[in-house]
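Summary of structural features
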Amino acid sequence: MSQPQYGHQQYGHQQYGQQPGTAGPDDRTPAALAHASSLIAMVLSAGWLSLVGPLVMWLLYKDRSPFVRQAAAGSFNFNLGLWVMNIVGWILIITIIGIPLGIVLLVISYLGQIIGHIIGTVRATQGRTMNYPFQIRVLR
């Protein structure tokens, strides 16, 4: 691996002594935005665009910051899992027989999204990572 010229760090490469799960001060705001963008989209679009914010942040920062990439990927993967839960909940509601279970799944999905992303946003502002509990790992 060649060393960067003039002492500048190349994007996507970790500096010596920097842990993969730690964040510099410049990484905390975009990582927090990767988590919070899902909540913002959830409010503005009734939950249907919650995947867009984390995906955009992942595309922008995947080669620049391991911390932001991890935050955006975790947020996206968590939202994807909740989307699946949401779709199953709506299918159960439509079938009429599954209404009670469908309502429970929708409540868990919406509360999980709100609580999970608030915790993720707070942790990112502190420079800590968030390991979401229910993820379909598509982005890494």
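Criteria and cut-off values
Residues numbered from 1 in each chain as written. Predicted model: local features only at pLDDT ≥ 70, side-chain atom pairs only at ≥ 80, totals over all residues. Heavy atoms only, no water. Helix = DSSP H or I, 4+ residues; strand = E, 2+ residues; numbered from the N terminus. Buried < 20%, exposed > 50% of the residue type's maximum accessible area, 1.4 Å probe, protein only. Core = buried A, V, L, I, M, F, W, Y, C linked by side-chain atoms within 4.5 Å. Contact = heavy atoms within 4.5 Å. Axes fitted to C-alpha atoms, helices over the stretch in contact; angles between N-to-C directions. Parallel < 35°, antiparallel > 145°, perpendicular 65-115°, else oblique.

Looking at where Trp48 falls in the secondary structure, it is placed in the loop between helix H1 (25–45) and helix H2 (52–61). Its relative accessible area of 47% is what places Trp48 among the partly exposed residues. Taking C-alpha positions, Trp48 is 8.5 Å from Trp83, a pair spaced 35 residues apart along the chain.

Before going further, it helps to examine the nonpolar core. Membership of the largest hydrophobic core comes to 16 residues, with the highest contact counts inside it found for Ala31, Met57, Trp58, Ala72, Phe76 and Leu139. Put simply, the parts of the chain that give this core at least two residues each are H1, H2 and helix H3 (66–94). Looking at this core element by element, the count peaks at 7 residues for H3. The residues contacting Phe76, other than those within four sequence positions of it, are Leu51, Pro54, Leu55, Val138 and Leu139.

What follows concerns the packing of H1 against H2. For any two helices packed against each other, the geometry comes down to the angle between their axes and how far apart the axes lie. Running from N to C, H1 and H2 point in directions that differ by 155 degrees, and their axes come no closer than 7 Å. Classified by the interaxial angle, the pair formed by H1 and H2 is roughly antiparallel. Contacts between H1 and H2 involve Pro30, Leu33, Ala34, Ser37 and Ser38 from the first element and Gly53, Pro54, Met57 and Tyr61 from the second.

Once that is clear, we can look at the environment of Arg123. Mapped onto the elements of the fold, Arg123 is located in helix H4 (residues 99–125). On a C-alpha basis, the gap between Arg123 and Ala32 in space is 7.8 Å, while along the polypeptide they are 91 residues apart. Excluding its chain neighbours within four sequence positions, the residues that come into contact with Arg123 are Arg128, Thr129 and Met130.

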